[in-house]
Amino acid sequence: MAEKEGKKRKRHSNGVDTPSKKVAFNRSDGARIKVTYNGENGSGPVLVSSPGLTAPDLLFKAYKRPLSTPSTNDVSSDSHELLLHSQKHPRLDYTASPVALDQGLSHYMAIYHPATQQLQVTPAHHLSLRTTLRTENKVHEQRTFLQQRQELGREFGTKKAKKIIADKTVNAITNHDPKGKGRSDDVQDAILQSMPDTITGAPTSEQAASTALASKPIPKPNLAAESVEDVYPFDTLVPPADAKLLHVRDWQEKTKNDAAIDFKHRFPAYRVQDLGKTDQILRLKALKYLQLLLEFHDLLPSSGRNGRKVPKKDVLDAKLASWPPTLVASVRTRFADSTNALTKWHMQNLHAHICALSLFADGWVTDTSNLRDDLRLDAKETVQFFRELGCRIAAPTEGERERWGIKKGQEKSVKVARLRLPLEFPKARSAVRR
């Protein structure tokens, strides 16, 4: 006969005793742990959590607030709210206050004494530690007579009086000090201390100077050079591909045989005899490249305001037939834009390279009067190009007058450009204030 539906059948035993659900806490030696509850009157321990903060080693002041009936002795978590506050830090205030999410929850601290076999459980306050930047209350600060006058002047003064008051404080770090001594407060100290970390990516003065020079129409100088020769190296003034096409053997042979060399410009004509008899090949190539740039400069017709136009390719090649066509094409591409035009910036770039080549050919001390005549510029404009290269301009010395054949009385019209370290570049002109 089947059993009634819903009646549980008794499980058959398999010969194994099932353990009890209760765990015995008795020690092996038979001793029992005595649990005591300490809920008597007293302040009780405090559990402080500091999420996101490192708990400081500071002294805190404790403040209590009764939850219901006030009591002078009992400060337990069930009867009072506890708050800890500290102003021992020079700029920060630390406050440990009850957690709003802990309403309805109780926290305890258990301490076990192995010697007495006792476990003491005590109610505890759970607080959360937070920090704020200390701000000084200026509402009730006593103002000086001078501050009162300044406030009246800002509100009811004339435009001139308001401007004078504004000029006194526009560059001040702080104006909160009652004595007006410019003493900064805690907020400003914290901001100033964080500034070195926030400006680590700012460019240095050397980087700013290099960026400013890179935009100028001059050869790129080496600001880290330790000698004058490294400021404008040969590869910077003459591209390596163009240098291979510059042959100076004919100049060397003619100068050694005292043969005449025809020039249309004064600068190479006055220097080829001395350089041709030496083995300074780079200086000779710089002089020959300068001669090419001068001939290229003479073939540029005017095209509008301060601009020039490169002649057509067949005309340019015919005028410069004594030079390799590849070299002529390289010069045209280097100093003209994509439309074969030379704007004011391109012309200044061409003039600056010619001046830099003259410095290289003359050993970084050159007479500016020859290029002034070859480029058909006035003396002031020629000198300015050498200043943009970092040169110092002065009158020729006695030895230079004798070496260059400058007659007495002519030294006033001759300016000498010298490239020396440290370089001296013109300062940027500030806009005229109106």
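What you see is a predicted model, and the numbers here were worked out from it, not measured in a lab. (Residues numbered from 1 in each chain as written. Predicted model: local features only at pLDDT ≥ 70, side-chain atom pairs only at ≥ 80, totals over all residues. Heavy atoms only, no water.)

Visitor: Looking at this model, I keep getting lost on the overall build of the protein. Mind explaining?
Guide: Within the protein, the secondary structure is distributed over 16 helices and 12 strands. For the protein, the proportion of its 434 residues judged to be buried stands at 31%. Taking as baseline every contact in the protein between residues at least 6 positions apart, the subset at least 24 positions apart corresponds to 64%. Accessible area for the protein stands at about 30200 Å²; split by element, carbon and sulfur atoms hold 52% of it. (Helix = DSSP H or I, 4+ residues; strand = E, 2+ residues; numbered from the N terminus. Buried < 20%, exposed > 50% of the residue type's maximum accessible area, 1.4 Å probe, protein only. Contact = heavy atoms within 4.5 Å. Areas by Shrake-Rupley, 256 points an atom, 1.4 Å probe, with all protein chains shown as cover.)

Visitor: Please explain helix α10 (residues 281-298) as it appears in this structure.
Guide: Given 3.6 residues to a turn, an α-helix orients residues that are three or four positions apart in the same direction. In a regular helix each residue adds 1.5 Å, so 18 residues correspond to 26 Å; α10 covers 26 Å between its end C-alpha atoms and thus fits that length. Counting buried residues in α10 gives 14 out of 18 residues, a clear majority hidden from the surface. (Expected span 1.5 Å × (residues − 1).)

Visitor: What should I look at first to understand the pairing of strand β3 (residues 61-66) in this one?
Guide: Across a regular strand the side chains alternate sides, sitting on one face of the sheet and then on the other. Of all 6 residues in β3, 0 are buried, a share of ten percent or less. In terms of strand pairing, β3 meets strand β4 (residues 80-86) through 6 bridges, oriented antiparallel. Opposite R65, over in β4, you have E81 as the bridge partner. (Pairing = 2+ DSSP bridges.)

Visitor: Even after reading the chapter, I still don't get the pattern of salt bridges, so can you show me in this structure?
Guide: Side chains bearing opposite charge may pair, as long as their charged atoms lie close to each other. With the rule as written, the count across this model stands at 11 salt bridges. In this structure, E398 and R401 form a salt bridge, with 2.0 Å as the shortest nitrogen-oxygen distance. In this pair, E398 and R401 are both assigned in helix α16 (residues 398-404), 3 residues apart and thus about one turn of the helix distant. On the accessibility criterion, E398 (47% relative accessible area) is partly exposed. Across the pair R418 and E400 runs a salt bridge, and its minimum N-O distance is 2.8 Å. With R418 in strand β12 (residues 416-418) and E400 in helix α16, this pair connects stretches of sequence that are 18 residues apart. Exposure class is identical for R418 and E400. Each is buried. Linked by salt bridges that have partners in common, R266, R372 and D373 make up one network. (Salt bridge = Lys/Arg side-chain N within 4 Å of Asp/Glu carboxyl O.)

Visitor: Can you walk me through a nonpolar patch on the surface in this structure?
Guide: On the surface, a nonpolar cluster with roughly 270 Å² of combined accessible area is contributed by I33, V35 and Y112. When you line up the elements, V35 lands in strand β1 (residues 34-37). For V35, a relative accessible area of 55% translates into the label exposed. (Patch = residues over 30% accessible without salt bridge, like charges linked within 9 Å, V, L, I, M, F, W, Y side chains within 5 Å.)

Visitor: Just to check I follow, could you spell out the environment of L83 for this structure?
Guide: Mapped onto the fold, L83 is located in strand β4. L83 gets classed as partly exposed once you look at its relative accessible area, which sits at 30%. Linking L83 and F60, residues 23 residues apart in sequence, is a C-alpha distance of 9.4 Å.

Visitor: How should the packing of aromatic side chains be read in this particular structure?
Guide: Aromatic rings considered in pairs are described by the distance between their centres and by the relative angle of their planes. In the structure shown here, the tally under the stated rule is 3 aromatic pairs. Ring geometry for F234 versus F360: centroids 5.7 Å apart, planes at 50°, classification tilted. In this pair, F234 sits in helix α5 (residues 234-237) while F360 sits in helix α13 (residues 344-361), placing the two residues 126 residues apart along the sequence. Residue classification places F360 among the buried residues on the basis of a relative accessible area of 11%. With centroids separated by 5.5 Å and ring planes inclined at 70°, the aromatic side chains of W251 and F263 adopt a geometry described as edge-to-face. Placement of W251 in helix α7 (residues 249-256) and of F263 in the loop between α7 and α8 (266-269) is noted, with a sequence separation of 12 residues between them. For W251, a relative accessible area of 6% corresponds to the buried category. Each residue in the set F234, F360 and W364 is aromatic and connected to the rest through ring pairs, giving one cluster. (Phe/Tyr/Trp six-rings, centres within 6.5 Å; stacked < 30°, edge-to-face > 60°.)

Visitor: Teacher, can you tell me more about the environment of F385 here?
Guide: Turning to its location among the elements, F385 is positioned in helix α15 (residues 379-388). Accessibility expressed as a relative area gives 9% for F385, which makes it buried. For the pair F385 and T368, spaced 17 residues apart in sequence, the C-alpha separation works out to 10.0 Å. With sequence-adjacent residues up to four places away left out, F385 is seen in contact with Q348, H351, A352, C355 and L377.

Visitor: How do you make sense of the side chain of H346 when you look at a structure like this?
Guide: With respect to the secondary-structure elements, H346 resides in helix α13. A polar contact is formed between the side chain of H346 and the side chain of T343, at a distance of 2.7 Å. Residue contacts for H346: discarding those within four places in its chain leaves F335, A336, D337 and A341. (Polar contact = N/O pair within 3.5 Å; in protein donor to acceptor, adjacent residues only side chain to side chain.)

Visitor: I'm lost on α13 in this one. Help?
Guide: The end-to-end C-alpha separation of α13 is 26 Å, in line with the 26 Å expected for 18 residues at 1.5 Å each. The buried fraction of α13 is high, at 15 of 18 residues. Just downstream of α13 lies G363, where phi reads positive at about 75°.

Visitor: Would you mind going over the sheet that holds strand β11 (residues 392-394) with me for this structure?
Guide: The pairing of strands in a sheet happens through backbone hydrogen bonds and is either parallel or antiparallel. Strand order across the open sheet formed by 3 strands is β10-β12-β11, with antiparallel pairing between neighbours. The open sheet has two edge strands with one neighbour each: β10 (365-367) and β11. Taken over all neighbouring pairs, the strand axes of this sheet differ in orientation by 25° on average, direction set aside. Of the pairings in the sheet, the one linking β11 to β12 comprises 3 bridges and is antiparallel in character. (Axes fitted to C-alpha atoms, helices over the stretch in contact; angles between N-to-C directions.)

Visitor: Could you clarify how one ought to interpret unusual backbone geometry in this entry?
Guide: Negative phi is the rule for most residues except glycine; trans is the rule for most peptide bonds. Residues L421 and P422 are joined by a peptide bond in cis, for which omega reads -5°. When you line up the elements, P422 lands in the segment after β12. A positive phi angle, near 55°, is found at Q117, a position not held by glycine. Of note, N340 is a non-glycine position whose phi angle comes to about 60°, a positive value. Residue position: N340 is located in the loop between α12 (325-335) and β9 (341-342). Taking the relative accessible area as the measure of exposure, N340 reaches 25% and is therefore partly exposed.

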